[in-house]
Amino acid sequence: DSGVTQTPKHLITATGQRVTLRCSPRSGDLSVYWYQQSLDQGLQFLIQYYNGEERAKGNILERFSAQQFPDLHSELNLSSLELGDSALYFCASSPIGARTDTQYFGPGTRLTVL
Amino acid sequence: SQQGEEDPQALSIQEGENATMNCSYKTSINNLQWYRQNSGRGLVHLILIRSNEREKHSGRLRVTLDTSKKSSSLLITASRAADTASYFCATDLGSGTYKYIFGTGTRLKVLA
């Protein structure tokens, strides 16, 4: 158990809908990362937050947005969902978001868009 | 294409044998990390090697880094069935960014 929690575990929804994925980092970790893992794209970095501020951005679509709240939990919002958004979404946390930090991954949220 | 690409894509070996996986990357890096992922689960950090290091050990794991060839290898010695998983390398993109880019992974199957 990494100490990172993600909810929900599974999510099934229809195209065009909007969903929110939630992540609670390990106690004491200030940085949160979001990743998307699909069969054809591998593990794609989406975005990183550090202490509430966006620190790095990856291949995050404009239909997706994220934020980190004052209590350090984070939410990833996915809107206007498409079939291709079906994937495993992982959240990871690290102590200070440094390049040498170990990232601790949550169990993931499996999103299925029908 | 990916910053980090693992080779081979899949590897099947007998328990007790050694498994070697390679990772190649394109740009200069500060650090390279290896992670393991059991099927459908979150990734677990294995080891970090800095750009000024050439080799690092952790238990049955040995990681090497050759910055001149922009490549790294992960050796798992005396493999066990429990080592069956996908293994990813992750590289940062050098100075000016905190992003880590993960490779496509090597799927290792250890047969009992």
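Above this text is the structure in question.
Cut-offs used in this document
- Residues numbered from 1 in each chain as written.
- Chains lettered and ligands numbered in written order.
- Predicted model: local features only at pLDDT ≥ 70, side-chain atom pairs only at ≥ 80, totals over all residues.
- Heavy atoms only, no water.
- Pairing = 2+ DSSP bridges.
- Helix = DSSP H or I, 4+ residues; strand = E, 2+ residues; numbered from the N terminus.
- Axes fitted to C-alpha atoms, helices over the stretch in contact; angles between N-to-C directions.
- Disulfide = S-S within 2.5 Å.

A. Spotlight on the sheet that holds strand β7 (residues 61-66) of chain B. All names here are of chain B. An order of β1-β3-β8-β7-β6 is seen for the 5 strands of this open sheet, with the pairing classed as antiparallel. Looking at strand neighbours, the two that pair on one side only are β1 (4-7) and β6 (55-58), the edges of this open sheet. Averaged over all neighbouring strand pairs, the angle between strand axes comes to 15°, with direction disregarded. Here 6 bridges tie strand β3 (residues 19-25) to strand β8 (residues 71-76), and the two strands are oriented antiparallel to one another. Following the sheet pairing, Met 21 is matched in β8 by Leu 74.

B. Seen up close, the state of the cysteines. All names here are of chain B. Across all of its chains, the model carries 2 disulfides over all chains by this definition. Covalently, Cys 23 is tied to Cys 89 through a disulfide, its sulfur atoms 2.0 Å apart. Since a negative S-S torsion denotes a left-handed disulfide, the Cys 23-Cys 89 link at about 65° is right-handed. One end of the pair, Cys 23, is in strand β3; the other, Cys 89, is in strand β9 (residues 85-92), and 66 residues separate them in sequence.

C. Geometry of the sheet that holds strand β8 (residues 74-78) of chain A. All names here are of chain A. Read from one edge of the open sheet, 4 strands run β1-β3-β8-β7, paired in antiparallel fashion. The outermost strands of the open sheet, each flanked by one partner alone, are β1 (5-7) and β7 (64-68). Sheet twist, expressed as the average angle between the axes of neighbouring strands with direction ignored, equals 15°. Bridge count for β1 against strand β3 (residues 19-24) is 3 bridges, and the pairing is antiparallel. Looking across to β3, one finds that Thr 5 is bridged to Ser 24.

Everything listed here is a matter of coordinates, which is why it stays silent on function.
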